[in-house]
Amino acid sequence: MTEIFRAEDYQNHPLYNIKAVEQATGLTAATLRAWERRYEVCEPQRSESGYRLYSERDMAALHWLKRRVKDEGLSISQAVAVLQMHRGASNGTAAPAVMPAPQVDAEPSAQIDLCHQLIRALLAFDENHADHILSEAFALHGVESACELVIAPALVEIGDRWHRGEVSVVSEHFASHYVRRKLESMVNVTAVHEAGPMLILGCAPGDWHEVALVLLAFFLRRQGYRVIYLGQNVPLENLVAELERLHPAMVIMSATTDETAAALVQVSQVVATLPSPRPLFGFGGRAFNRNVSLRARVHGSFLGETAASAIHRVQALLNPPAANPG
Ligand code: B12
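Residues numbered from 1 in each chain as written. Predicted model: local features only at pLDDT ≥ 70, side-chain atom pairs only at ≥ 80, totals over all residues. Heavy atoms only, no water.

In this structure, the cobalt atom of the ligand receives exactly one donor atom from the protein: H209 (NE2), at 2.3 Å. Its place among the elements puts H209 in the loop between β3 (198–203) and α9 (211–222). (Donors = N, O, S within 2.8 Å, 3.2 Å for Na, K, Ca; no water. Helix = DSSP H or I, 4+ residues; strand = E, 2+ residues; numbered from the N terminus.)

Pasting the structure below:
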């Protein structure tokens, strides 16, 4: 259970400059300023010369937030929401009833910097440095933000450079393999929720691009869904047989090219004719981001342009708001 943060246990006198806070918390000055600006996690007072001065209370709140993100895998916005609940509980104001779904940072300058560092480390085949960058990204920004804003764009950028002939195929393979290995190891240590709604995920028939779907499987498992990941190039007949046997709440499929998007359309048509209880059909992928008009051909719900955006969409589809009586 999350430790309670009690603001009143700490002094609120301005004592520490930003360097001292960096050293004590391990957070960089850029992160401290970003958290302060975006989430108002603390309000350091100013010295006469205008420098920030942090109190014991600020320092404790920053330590507390870092532990939630690093040890419990919360996104920074979730951790701040919990902190505010604790603050509200201790000063008697009402606390929100539910934890928000993870938010991917809207102003991701720190993650973009880490993404560039990751690209450089991977192109230099420097695995130790890449590990270090990923640890920092997970610790400071939470799992969903780190995957969406550091790992995925690094892979896309390296892939694009490969296609432009700027990096070798060996570099691209090394980077893709490294990332897949990391993602798989994280998926493997994420508990399977037997009681959660069952979701079946797979790439469209003929499609071999699976990184985004592995990311989505990981995110949804972290949300408490029972995720069954079928992998690349899922043949229609096998999929239908499994849907009839397992009766999942939703099947989610991705397509990258126009050809595999056409195959996905076909799958959606077959799923739409299955007898009740019929699973919902959700889809996404590069093909539907590039060509928006393709989306209307699928019998199902477009889940958004990124794996992280699909988390909210899946939640909304499986738990539609109650109809307004009257
Ligand atoms: C690695 C790679 C491969 C690997 C895939 C290995 C694997 N295990 O996944 C291999 C070697 C198998 C491969 C094969 C091919 N590839 Co390829 N490949 C790539 C590459 C370099 C990276 C893809 C990747 O992992 N990106 C990282 C992920 C995170 O990004 P993403 O897939 O775009 O996903 C984001 C969004 O699109 C979205 N999303 C994706 N899926 C889903 C699903 C849902 C439900 C949701 C909500 C969102 C979502 O969310 C993600 C962000 O969060 C890209 C180039 C690039 N720069 O991306 C080319 C690329 C995708 N490939 C391409 C091509 C043409 C091919 C081949 C046809 C090449 C060939 N001539 O043989 C074959 C096709 C095989 C097939 N039928 O699937 C083209 C596609 C062009 C197009 N029409 O759009 C690209 C864009 C390269 C290019 N610039 O030409 N490829």
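Now that the structure has been shown, we can carry on.
This part covers helix α10 (residues 236–246). For α10, the complete set of buried residues consists of L236, L239, V240 and L243. Burial along α10 is one-sided: seen end-on, the buried residues are contained in an arc of 100°. Opposite the packed face of α10, turned more than 90 degrees from it, sit the exposed residues E237 and R245. Each element contacted by the buried residues of α10 is listed here: β3, β5 (250–254) and α11 (258–272). H247 sits one or two residues past α10 and shows a positive phi near 50°. (Buried < 20%, exposed > 50% of the residue type's maximum accessible area, 1.4 Å probe, protein only. Arc of directions from axis to C-beta. Contact = heavy atoms within 4.5 Å.)

Here we come to the sheet that holds strand β4 (residues 226–229). One open sheet accounts for five strands, arranged β4-β3-β5-β6-β7; its pairing is parallel. One side of each edge strand has no neighbouring strand; the edge strands of this open sheet are β4 and β7 (301–302). Bridging between β3 and β5 involves five bridges; their strand directions are parallel. Residue pairing in the sheet places I200 in a bridge with V251 of β5. Of the strands in this sheet, β3, β5, β6 (280–284) and β7 are in contact with helix α13 (residues 307–318), which crosses β5 at around 150°. (Pairing = 2+ DSSP bridges. Axes fitted to C-alpha atoms, helices over the stretch in contact; angles between N-to-C directions.)

Before going further, it helps to examine the packing of helix α1 (residues 18–25) against helix α2 (residues 29–39). Interaxial distance between α1 and α2 falls to 9 Å at its minimum, and their mutual angle equals 100°. Between α1 and α2, the crossing angle belongs to the class labelled roughly perpendicular. Between α1, through I18, V21 and E22, and α2, the contact on the second element is made entirely by A29, L32 and R33. Grouping the constituent residues of the contact of α1 with α2 by class yields four nonpolar, no polar and two charged. (Parallel < 35°, antiparallel > 145°, perpendicular 65-115°, else oblique. Nonpolar A, V, L, I, M, F, W, Y, C, P; charged D, E, K, R; others polar.)

On to the nonpolar core. In this structure, C147, L201 and L220 are the most contacted members of the largest nonpolar core, which totals 49 residues. When residues of this core are traced back to their parent elements, those giving at least two are α5 (109–123), α6 (127–141), α7 (143–163), α8 (169–188), β3, α9, β5 and α13. With nine residues, the single largest contributor to this core is α7. The residues that make up this core include at least three from each of domain 2 (109–188) and domain 3 (198–318). Formed by 25 residues, the second largest nonpolar core is a distinct cluster that contains M59, L62, V80 and L83. (Core = buried A, V, L, I, M, F, W, Y, C linked by side-chain atoms within 4.5 Å. Domains from an automatic or database assignment.)

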